[in-house]
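Fold and contact review
Chain by chain, the residues:
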Amino acid sequence: MWTGMGTGMWFDSGRVCLDLLATFTPHGKAEGIRDTDDLRLWLVGAGLVPDRTPLGRLGPDWVAAFRSLRADVDSLVRAELAGAGAEAGTLALALARVNAAAAGPPPGLCAVRDQEGHLVRELCGGVECAGLLSSVARDAVELLTDPGDLALLRSCEGDGCARVYLDTSRGHRRRWCSSELCGNRERVARHRRRVRAVVGVGE
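Anyway, here's the lowdown on the structure attached to this text. (Residues numbered from 1 in each chain as written. Predicted model: local features only at pLDDT ≥ 70, side-chain atom pairs only at ≥ 80, totals over all residues. Heavy atoms only, no water.)

Thoughts on the overall build of the chain
Heads up, the rule is: Only DSSP runs of H or I with at least four residues qualify as helices, and only runs of E with at least two residues qualify as strands; both kinds are numbered from the N terminus onward. When a residue's accessible area, from a 1.4 Å probe over protein chains only, is under 20% of the maximum for its type it is buried; when over 50% it is exposed; and in between it is partly exposed. Here a residue-residue contact requires only that any non-hydrogen atoms of the pair lie within 4.5 Å. Surface accessibility in these figures is a Shrake-Rupley result with a 1.4 Å probe; residues are shielded only by whichever protein chains are displayed.
Summing up its helical and strand segments, the chain has seven helices and six strands in all. The N-to-C order of helical and strand elements in the chain reads α-β-β-α-α-α-β-β-α-α-β-β-α. Expressed as a percentage of its 203 residues, the buried residues of the chain come to 36%. Taking the intrachain contacts of the chain between residues at least 6 apart in sequence as the baseline, contacts between residues at least 24 apart amount to 56%. Of the roughly 11,500 Å² of accessible surface on the chain, a fraction of 54% belongs to carbon and sulfur atoms.

This is the structure we're talking about:
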């Protein structure tokens, strides 16, 4: 599980579009894509661009574009979790924007030789914001139109957590976005409750 080198980015949601949602926590107002450096780390961590890919054109407009796409995908995903449709109002607009982004061509992928002569992945034809947005938006469209994946869509049960993930665990009993984060916090809280209960009985 790659954590963004200490940035708090997690890439274990099961889909790239859900990993994008994980960069913002509505309850805590925690922003994971604060600037171009954060976005660069996320793009590499999500596997959208190979490591060391030059991103010379990456600027504040990219950050704004990815945040906007994130907000639209978040609205649609949470509507699905709530069993709501996307026909009217802001949901319809969000769906139209995601569809428009998904319609663009994603970046081309090439195999090139590195300095040691090994074949490595590289994006061809330059890296454009629209192409990377298209990759994430297409992933969102695939999720939203796949009944199998939608049936596995879950919201973390951790206290105050709003992360969404695909439950691909055996038996589909995964309760938390991350066993190391929310799962561990719940285990610690459960232990403290047991200790307090024992202390209370002994008094």
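Having seen the model, we can carry on.
Structural notes on the packing of helix H3 (residues 60–81) against helix H5 (residues 129–144)
Put simply, the rule is: Throughout, an axis means a line fitted to C-alpha atoms (over the contacting stretch in the case of helices), and angles, computed between N-to-C directions, take values from 0 to 180 degrees. For classification purposes, angles smaller than 35 degrees are called roughly parallel, those larger than 145 roughly antiparallel, those between 65 and 115 roughly perpendicular, and all remaining angles oblique. For this classification, the nonpolar set comprises Ala, Val, Leu, Ile, Met, Phe, Trp, Tyr, Cys and Pro, the charged set comprises Asp, Glu, Lys and Arg, and every other residue, Gly included, is treated as polar.
It is at 11 Å that the axes of H3 and H5 come closest, and there the two elements cross at 5°. One finds that H3 runs roughly parallel with respect to H5. Side by side, H3 and H5 meet where Trp62, Ala65, Phe66, Leu69, Val73, Leu76, Val77 and Glu80 of the first sit next to Cys129, Leu132, Leu133, Val136, Ala137, Ala140, Leu143 and Leu144 of the second. Looking at side-chain class alone, the contact of H3 with H5 contains 15 nonpolar, no polar and one charged residues.

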